[in-house]
Amino acid sequence: MSAPHKRTLRPLRFLPRVLLGVTLVAVPVTAFATPSDQPAGPSRATAAQDPAPAAAGLDDPAKKEIAMQLVSSAENSSLDWKAQYEYIEDIGDGRGYTAGIIGFCSGTGDMLGLVELYTQRRPGNVLARYLPALREVDGSDSHEGLDPDFTRDWKRAAQDPAFKEAQNDERDRVYFDPAVGRGKQDGVGVLGQFIYYDAIVMHGDGSDGTSFSSIRRMALAEARPPAQGGDERAYLHAFLDARVWAMKQEEAHEDTSRVDTAQRVFLDRGNLGLDTPLDWKVYGDSYHIG
């Protein structure tokens with residue numbers, strides 16, 4: 001049995017179809033040299049023909065796997081994120097059922113988006129009959145039309161590879177890809193992209209004061225990101241400061257250890273590439289990735 005989720009701070013009426021309101025185009029950082037800095041003929045041509053390989057982003061498969069494990073340590077008290085496809089329970093946070101690999105919620109719209117996607121791909125699946133109820137309970141903690149069999153049927157659906165794939169794809173579309181895209185635009189590396197991702201997972205995005213975009217605006221008021229010529233570590237510390245403030249706005253999330261004894265530890269060590277080995281704590285539990 002999966003350990004209970006220990007969070008969900010996404011705003012009600014979360015709109016999963018709106019991907020942060022940004023254009024997710026990775027903008028390469030190009031060094032412009034003055035004429036006096038340009039090397040002479042052959043060397044310059046060689047450099048143009050054999051550019052240095054780009055550094056891995058969080059979307060590199062190995063780095064993405066680390067990200068999934070880090071989030072799962074906070075969400076499920078386990079590094080085994082693939083065991084969470086069938087997870088479902090009401091954790092009493094006012095957002096109805098929380099379920100799956102990223103904590104899709106019946107009260108915040110992302111669970112509805114997931115079941116709609118699954119039904120598009122596999123009509124007549126065991127969860128399809130709950131779509132009217134999911135539309136009705138969106139924005140509330142109600143189980144109306146879902147009980148008593150929804151949790152049983154969710155676990156049945158989780159045995160279907162198509163449902164697992166839908167969870168992966170919806171996680172990427174709504175949370176992972178926007179976080180990585182925004183991080184690359186801001187010029188932050190793998191750790192910074194993960195910090196963005198974890199923030200979007202918990203806070204969602206929107207116009208409220210504790211959303212990802214609001215946290216980022218608070219950080220920008222204190223420090224410039226690398227894409228604007230700022231120091232990466234200083235900017236990420238400013239972002240984490242704003243993130244901690246946002247977490248403390250809800251009593252259920254006053255424990256900020258997923259920042260203080262995990263992300264902040266990596267940042268203090270200068271591990272901007274999120275390179276292994278990694279050691280951290282969440283809610284007092286210790287974890288290691290070798």
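Here the structure is a predicted model, which is why all the values come from computation and not from measurement.

About the cut-offs
- Residues numbered from 1 in each chain as written.
- Predicted model: local features only at pLDDT ≥ 70, side-chain atom pairs only at ≥ 80, totals over all residues.
- Heavy atoms only, no water.
- Pairing = 2+ DSSP bridges.
- Helix = DSSP H or I, 4+ residues; strand = E, 2+ residues; numbered from the N terminus.
- Contact = heavy atoms within 4.5 Å.
- Axes fitted to C-alpha atoms, helices over the stretch in contact; angles between N-to-C directions.
- Core = buried A, V, L, I, M, F, W, Y, C linked by side-chain atoms within 4.5 Å.
- Buried < 20%, exposed > 50% of the residue type's maximum accessible area, 1.4 Å probe, protein only.
- pLDDT = per-residue confidence, 0-100.
- Phe/Tyr/Trp six-rings, centres within 6.5 Å; stacked < 30°, edge-to-face > 60°.
- Parallel < 35°, antiparallel > 145°, perpendicular 65-115°, else oblique.
- Left-handed = near helix turned anticlockwise from the far one by under 90°.
- Salt bridge = Lys/Arg side-chain N within 4 Å of Asp/Glu carboxyl O.

Participant: How do you make sense of the sheet that holds strand 3 (residues 104–105) when you look at a structure like this?
Facilitator: Strands belonging to one sheet form pairs held by backbone hydrogen bonds; the direction of such a pair is parallel or antiparallel. One open sheet holds the 3 strands; their spatial order is 1-2-3, and the pairing between them is antiparallel. Each edge of the sheet is formed by a strand with only one pairing partner; in this case those strands are strand 1 (88–90) and strand 3. Alignment of strand 2 (residues 97–99) against strand 3, held across 2 bridges, turns out to be antiparallel. Bridging from a neighbouring strand, A99 pairs with F104 of strand 3. Here helix 5 (residues 150–157) sits on the sheet in contact with strand 1 and strand 2, set at roughly 155 degrees to strand 1.

Participant: How do you make sense of the nonpolar core when you look at a structure like this?
Facilitator: In globular proteins that are soluble, nonpolar side chains generally tend to be buried together. Ranked by internal contacts, the top residues of the largest apolar core, which has 75 residues, are F150, W154, Y197 and L274. With 10 residues, the single largest contributor to this core is helix 7 (residues 190–203). In this structure, Y197 is in contact with L58, A67, M68, V71, I102, R171, Y175, F176 and A179, ignoring residues within four places of it in sequence.

Participant: I tried to follow the confidence of the model for the protein chain on my own but got confused; where do I start?
Facilitator: For residues with low pLDDT, the predicted coordinates do not support detailed interpretation. Of the residues in the protein chain, 81% reach a pLDDT of 70 or more, and the chain-wide mean stands at 85. In this model residues 1–9 is a low-confidence stretch, pLDDT under 50, and it forms 48 contacts with partners more than four residues away in sequence or in other chains. Confidence over residues 13–54 falls short of pLDDT 50; this stretch has 43 contacts with residues more than four positions distant or in other chains.

Participant: When you look at the packing of aromatic side chains in this model, what are you seeing that I'm missing?
Facilitator: The geometry of an aromatic ring pair comes down to the distance between the two centres and the angle between the two planes. Counted according to the given criterion, the structure contains 12 aromatic pairs. Judged by centre distance (4.7 Å) and plane angle (45 degrees), the rings of Y118 and F163 are tilted. You can see Y118 sitting in helix 3 (residues 110–121) and its partner F163 sitting in helix 6 (residues 161–186), a full 45 residues away along the chain. Taken as a pair, Y118 and F163 share a single burial class, namely buried. With a centroid separation of 6.1 Å and 65 degrees between ring planes, the pair formed by F150 and W154 is classed as edge-to-face. Here the residue F150 and the residue W154 both occupy positions in helix 5, the gap between them amounting to 4 residues, near one helical turn. Neither F150 nor W154 differs from the other in exposure class; each is buried.

Participant: Whenever I open this one, the environment of R122 confuses me. Can you help?
Facilitator: With respect to the secondary-structure elements, R122 resides in the loop between helix 3 and helix 4 (131–137). Contacts of R122, omitting those with residues within four sequence positions, involve D160 and A162.

Participant: Sorry, what's going on with the packing of helix 8 (residues 212–220) against helix 9 (residues 232–247) here?
Facilitator: Contact geometry of helix 8 with helix 9 gives a least axis separation of 8 Å together with a crossing angle of 130 degrees. Taken together, the axis directions place helix 8 and helix 9 in an arrangement best described as oblique. Helix-helix and strand crossings are classified by hand; for helix 8 and helix 9 the assignment is right-handed. Every residue of helix 9 that contacts helix 8 at F212, I215, R216, M218, A219 and L220 is listed here: Y235, A238, F239, A242, R243, W245 and A246.

Participant: Is there a simple way to explain the pattern of salt bridges in this structure?
Facilitator: Once the charged atoms of two side chains with opposite charge are near each other, the side chains can pair. Counted by the stated rule, this structure contains 19 salt bridges. Across the pair R122 and D160 runs a salt bridge, and its minimum N-O distance is 2.7 Å. Taken together, the positions of R122 in the loop between helix 3 and helix 4 and D160 in the loop between helix 5 and helix 6 put the pair 38 residues apart, joining distant regions of the chain. Its relative accessible area of 38% is what places R122 among the partly exposed residues. A salt bridge links D153 to R152; its shortest N-O distance comes to 3.1 Å. Looking at R152, the relative accessible area reads 42%, which means it is partly exposed. Salt bridges sharing partners connect three or more residues here, namely R129, D149, R152, D153 and R156.

Participant: How do you make sense of the environment of L220 when you look at a structure like this?
Facilitator: Here L220 is to be found in helix 8. Take L220: its relative accessible area is 28%, and that puts it in the partly exposed class. Along the chain, L220 and A242 lie 22 residues apart, while their C-alpha atoms are 9.9 Å from each other. Look past the residues within four positions of L220 in its chain and what remains in contact with it is P225, Q228 and Y235.

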